[in-house]
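# Secondary and tertiary structure notes
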Amino acid sequence: YCLEDNIDILFTADCGITNKKEIEYSINELGLQYIFVFDHHNIQYDKLYEHNNVFYINNKYSDNKDYHVCGAGLVYLVFKKYYNNISNTLYAGIATIGDMVEINYSNINRKLVKDSLYILNNKLEELEKENIKLYEFLSEIIYNFSYKTITEMDYGFSICPAINALSRFHKQDIILEYYNEDNQRKRKQILKQIKENNEHRKEIQMKLVIVRHGDPDYSIDSLTEKGWKEVEYLSERLAKLDVKEFY
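Here goes a summary of the coordinates provided. Everything numeric in this text was worked out from a predicted model, so none of it was measured.

### Describing the nonpolar core
A general feature of soluble globular proteins is that nonpolar side chains tend to end up buried together. One finds Leu-120, Leu-127, Phe-137, Leu-138, Tyr-155 and Ile-194 to be the most contacted residues of the largest nonpolar core, which totals 29 residues. Looking at this core, the elements with two or more residues in it are helix H3 (86–98), helix H4 (108–122), helix H5 (124–130), helix H6 (132–141), helix H7 (152–168), helix H8 (173–180) and helix H9 (184–204). Membership of the second largest hydrophobic core comes to 11 residues, among which are Leu-32, Ile-35, Tyr-49 and Val-54.

Right, dumping it as structure tokens:
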């Protein structure tokens, strides 16, 4: 794409911090003039490609964990001066929950989530006018979208799982197809695919059983009488399960 479309500047989002060979190739072989790497993952200095026209924007340079945001949050904070709309604020908040970064009372992640929730609970009409595709997507994914108070729980248990399910089944291109489609009828068909894919995820969702030892008797490096009874009852239950893997 870079060669075909004569691209001069490359931005990476949520990746690139360890891609020394790829960045070196992009500068020296593809002829890119500038590369901006937006990545929040841990810095490995031996994997950075040092070049005057390669810029690493990474919040891990700071020891202050209040500024350790996700990749989407990092991009949003840098570009909001130029593209400050409610859609981008919403994307940043959803991504913050989806990436499970640390959220506490004082850090910036809390503000990103709070600002995005304010939009969903107070500016739906404005969102619909600004970004009808995002509005339709949320309306389809979140039950009773227009009539309920949206919380971070809707992010974590409705929106993010539906999006992640696409990549889990190698169908992430569907979301790009949706955003590139201007025909509302066709978008509804794509949304139906997204919902069906998410329902399939729910059906085959991995069930994890964590087993610990019964009541121990450390003096004999074994179990107490109660512990052996616990093991007996548990083994009877586990024997009935169709277990695929043991770890």
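### Brief notes about the packing of H3 against H4
Relative to each other, H3 and H4 sit at 125 degrees, their axes nearing to 8 Å. The angle between H3 and H4 falls in the class oblique. The handedness of the crossing between H3 and H4 comes out as left-handed. Together, Ile-86, Thr-89, Leu-90, Ala-92, Gly-93, Thr-96 and Ile-97 of H3 and Asn-109, Leu-112, Val-113, Asp-115, Ser-116, Ile-119 and Leu-120 of H4 make up the contact between the two elements. Counted by class, the contact of H3 with H4 contains eight nonpolar, five polar and one charged residues.

### Digging into the pattern of salt bridges
Taken as a whole, this structure holds six salt bridges when the rule is applied. Here Arg-187 ties to Glu-136 by a salt bridge, and the two come within 2.9 Å at their closest N and O atoms. Of this pair, Arg-187 sits in helix H9 while Glu-136 sits in helix H6, placing them 51 residues apart in sequence. Among the residues examined, Glu-136 registers a relative accessible area of 12% and is labelled buried. For Asp-154, the salt bridge goes to Lys-148, with nearest N and O atoms at 2.8 Å. For Asp-154, a relative accessible area of 7% translates into the label buried. The class for Lys-148 is partly exposed, based on a relative accessible area of 32%.

Criteria and thresholds
- Residues numbered from 1 in each chain as written.
- Predicted model: local features only at pLDDT ≥ 70, side-chain atom pairs only at ≥ 80, totals over all residues.
- Heavy atoms only, no water.
- Core = buried A, V, L, I, M, F, W, Y, C linked by side-chain atoms within 4.5 Å.
- Buried < 20%, exposed > 50% of the residue type's maximum accessible area, 1.4 Å probe, protein only.
- Helix = DSSP H or I, 4+ residues; strand = E, 2+ residues; numbered from the N terminus.
- Axes fitted to C-alpha atoms, helices over the stretch in contact; angles between N-to-C directions.
- Parallel < 35°, antiparallel > 145°, perpendicular 65-115°, else oblique.
- Left-handed = near helix turned anticlockwise from the far one by under 90°.
- Contact = heavy atoms within 4.5 Å.
- Nonpolar A, V, L, I, M, F, W, Y, C, P; charged D, E, K, R; others polar.
- Salt bridge = Lys/Arg side-chain N within 4 Å of Asp/Glu carboxyl O.

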